[in-house]
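Here is what each chain is made of, one letter per residue.
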Amino acid sequence: MQKRLLPYIVAVLTFAAITMIYFMPYYQGMKLSQGDITQWEGMSKEIVDWNQAHPDDPALWTNSMFGGMPGFQISLRFAGNFIDKIMEVLRVVFPETSVYMFLMFTGFYILLLCLEVDVWLSLAGALAYGFSTFFIMVSIEAGHNTKVQAISLMAPVLGGVILAYRKNILLGGAVTALFLSMLIDSNHFQIAYYMVMIVGFVGIYFLINSILEKKIAHFAKASGVLVIAAILAVIPNIGMLWSTQEYAKETIRGGSSELTQKKEATKGGGLDFEYASKWSYGLTDGEILTILIPNMVGGASGAPLSESSNTYKEMMKKGVSENQAMQYIRQMPVYWGNQPFTSGPVYYGAAVCFLFLLSMLIVRSRIKWAMLALTIFSILLGLGHNTPFFKWMFELLPFFNKFRTPTMALSIAQLTMPLMALLGLQEIIAGKIGKDDLIKKLKIAGGIIAGIVVLFGVLGGMFFDFTSAGDKQYYDNGNGWLIDAIKQDRASLLRMDAFRSLFFIAAAFGLIWFYVQKKLSKQILIGGIAMVFLLDGWLIGKRYLNTDNFIEGNQYQSNHTPTQADLDILKDSDPDYRVFNVTRDPFNDAMTSYYHKSVGGYHPAKLIRYQDLIEHHISKNNMSVLNMLNTKYFINQNPETKQPVAQRNPGALGHAWFVHDIKWVKNADEEVEALNNFDPANTVVIDERFKAKVGNESFAVDSGAAIRLLSYSPNKLAYASNANSSQLAVFSEIYYDDSKGWNAYIDGKKADHLRVDYTLRGMVIPAGTHQIEFRFEPKSVVEGNKIAYAGSFLLFAFVFGTFGFAGYKKMKEIETEPVAAKPTQTVSKSGKKK
């Protein structure tokens, strides 16, 4: 029994050891500096602080960005979803982002085992997938953690599906349910969408295969179990899915603007095509070949060059000081590809590309056609606006227009290409291919891949001018000599990486060649291939994620060091006011939210109504709108010191106020237009659709009327009001569809409230003294969490029950296996044993 488990134990320990070594700075008390995570720390600060102090009342709303928005897509965990606990346990051993590398290794290992690939070869294959440069090294460096977590779980989900269709229905269903639930819990719906695509392609393959092999009954049973597995995977995540679905309808991702000029562009919900396709992988510039040659288009946007570079030498000739030249070459614009900017290339591995092509020539299983179709589909999507295909899919596929960044679709080929590479190697070590046929196809695959590398890499100057769209500004500024030098370095980077790719292709080719010639054993072949994958991925990975990306803990905290302007504003004891920081890009910055409730922010799914307000008023510094948002402080730059300085806005209207004039409008266009010239302190703009909530009542001026904030928390605001007559109150809080969570109460009894001034809340308050409360009570969270508890129990009962039964069954099989009889010995007449 122990001998049978040994390969699996060795594999897991190997994955753990490599992960720990690569991410050793974590174990030395250092922190990884990630741009998007630093932004996330800003946007989530109010939520995190509140949750730590009130664990039984988690913040569901935050006022820290865009005047206020749900916290569903920022920082929300459902107590009823126990699937979270798996990641918590893993992070005890693999801190922070290191856990994703371990999951990449183990997930792909599970996939290969489900396809009955040799256990040691599966270990080698896991190294190829785990070191897929862009989605592990580059994405982690950028801080795209949820994306990487979701990608790391794609392989075992596919493994479970294949296992169910090919061999073990129940066990395959359990594997699918467990890892699919973890993938959904990652909360990255674009990757989950791609996972559905993968399963769809594979399902079609198995349907066709079952028809050809007359195994429709097995296909139907497996499909039924997989549907149940998918339901079990979803139920623990129902709270998150439900709240996201509700929220999406109000955002730029899934909602539709009511403004005429934007209505057509956002019809049916979704993103504008130009915005959604901005990060498209290049075709004519050869960028797609980074999957084979990492520096095909220069690598990262701001990448370091060495002292031997043409750029450095040219600087020396121009009389630039050595220190200044050294500073310049640390962040040079060597990237010349199609995207606005990038942190690094999508690189699958030169050996993986070679083995993928070889596998397409030698693998006999029809599954290769499904993998080829997925690979082509992935690359076409990744090319985005550079081909018509992406536009067709954008308009045709349901929900597809909710997502941006076409390059992310390359996560599909990232899975299928190494998978096919390993299936080909399995065919080779299994001896299923004749020697002559294998050698012939080995030469074809090697010749094609090496030819591509030589043609576009070594001889790249024949096809490319190594010019980027941003180079023009250097010529305009009289620094064309600098770009001319950089262009030479771009060409040099391409050539060097082309030779590098040729080396790894030759290494893989040579290992297989000598194995076929019986000059190498199976063990050496597998070990050699493992080293090729490890060395290739490790070296490229270290270009983008290395010890330079880690900093000491105290240095990490300096990311949020308050400026003097922050400190001055924080002296204000008012619990609920807003700050407009114009020293940063206010609508692509969450750093301000670390200390303040910001008028701006940074989030890919902001409320679409607030986006309308930004475009039409806030970005144009409409002071009436900024005042109604209770923008109490501006952070400007001191023209003399160039440092941020706080400026008090005396026009800020506070938390709530009474108005007596109503300007009724017929539609959203009129409502937005009316905000251009109005006095928000006395006049309120209301859409006629809300007339029933106001009635025909007029509101007299009451000089003694007052309304003030009593208490503030993310989920509840309490006010006290006093007036001699009925009054119409405006609250400087963002209106969010009252059917989705925000409930209003007067003296504890539920009351109507309405949308006013396009984005704020309003309410008719009767005469007298009253207490008003707004409570955020979304059913999607409250009820969803109850369902999650039940779903977690059902999921784990199914998964662990199935795993336990499978283990018990395997133990019984081992116990009943016949023991090989020892050869009997007889004694001859001479007394010698025979």
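For the structure itself, consult the block above.
Residues numbered from 1 in each chain as written. Predicted model: local features only at pLDDT ≥ 70, side-chain atom pairs only at ≥ 80, totals over all residues. Heavy atoms only, no water.

### Some thoughts on unusual backbone geometry
Positive phi, close to 60°, is recorded for glutamate 116, a residue that is not glycine. Among the structural elements, glutamate 116 can be located in the loop between helix H5 (98–114) and helix H6 (119–130). One non-glycine residue with positive phi stands out, namely lysine 214, at about 60°. One can find lysine 214 in the loop between helix H11 (189–212) and helix H12 (216–234). (Helix = DSSP H or I, 4+ residues; strand = E, 2+ residues; numbered from the N terminus.)

### Digging into the packing of H5 against helix H8 (residues 145–152)
Helices that pack against each other are described as a pair by the angle of their axes relative to one another and the distance between those axes. Viewed as axis vectors pointing N to C, H5 and H8 meet at an angle of 20°, and their least axial separation amounts to 8 Å. The angle between the axes of H5 and H8 places the two elements in the roughly parallel class. Crossing angle aside, the handedness with which H5 passes H8 is left-handed. Residues Tyr100, Leu103, Met104 and Gly107 of H5 pack against Asn145, Val148, Gln149, Ile151 and Ser152 of H8. (Axes fitted to C-alpha atoms, helices over the stretch in contact; angles between N-to-C directions. Parallel < 35°, antiparallel > 145°, perpendicular 65-115°, else oblique. Left-handed = near helix turned anticlockwise from the far one by under 90°. Contact = heavy atoms within 4.5 Å.)

### Structural notes on the sheet that holds strand E13 (residues 727–734)
Pairing within the open sheet is antiparallel, and its four strands lie in the order E8-E13-E17-E16. Since the sheet does not close on itself, it has two edges, and those belong to strand E8 (656–659) and strand E16 (754–756), each with one partner. When the angles between neighbouring strand axes are averaged without regard to direction, this sheet yields 40°. Direction of pairing for E13 relative to strand E17 (residues 760–765): antiparallel, over a ladder of six bridges. What sits directly across from glutamine 727, in E17, is isoleucine 765. (Pairing = 2+ DSSP bridges.)

### Observations regarding the sheet that holds strand E12 (residues 716–723)
In spatial order, the strands read E11-E12-E18-E14-E15; together these five strands make up an open sheet with antiparallel pairing. What marks the edges here is a single partner per strand, and that holds for strand E11 (706–713) and strand E15 (749–751). Across the sheet, the mean angle from the axis of one strand to that of its neighbour is 30°, orientation sign disregarded. Where E11 lies against E12, seven bridges are found, and the strand directions are antiparallel. What sits directly across from arginine 708, in E12, is alanine 720.

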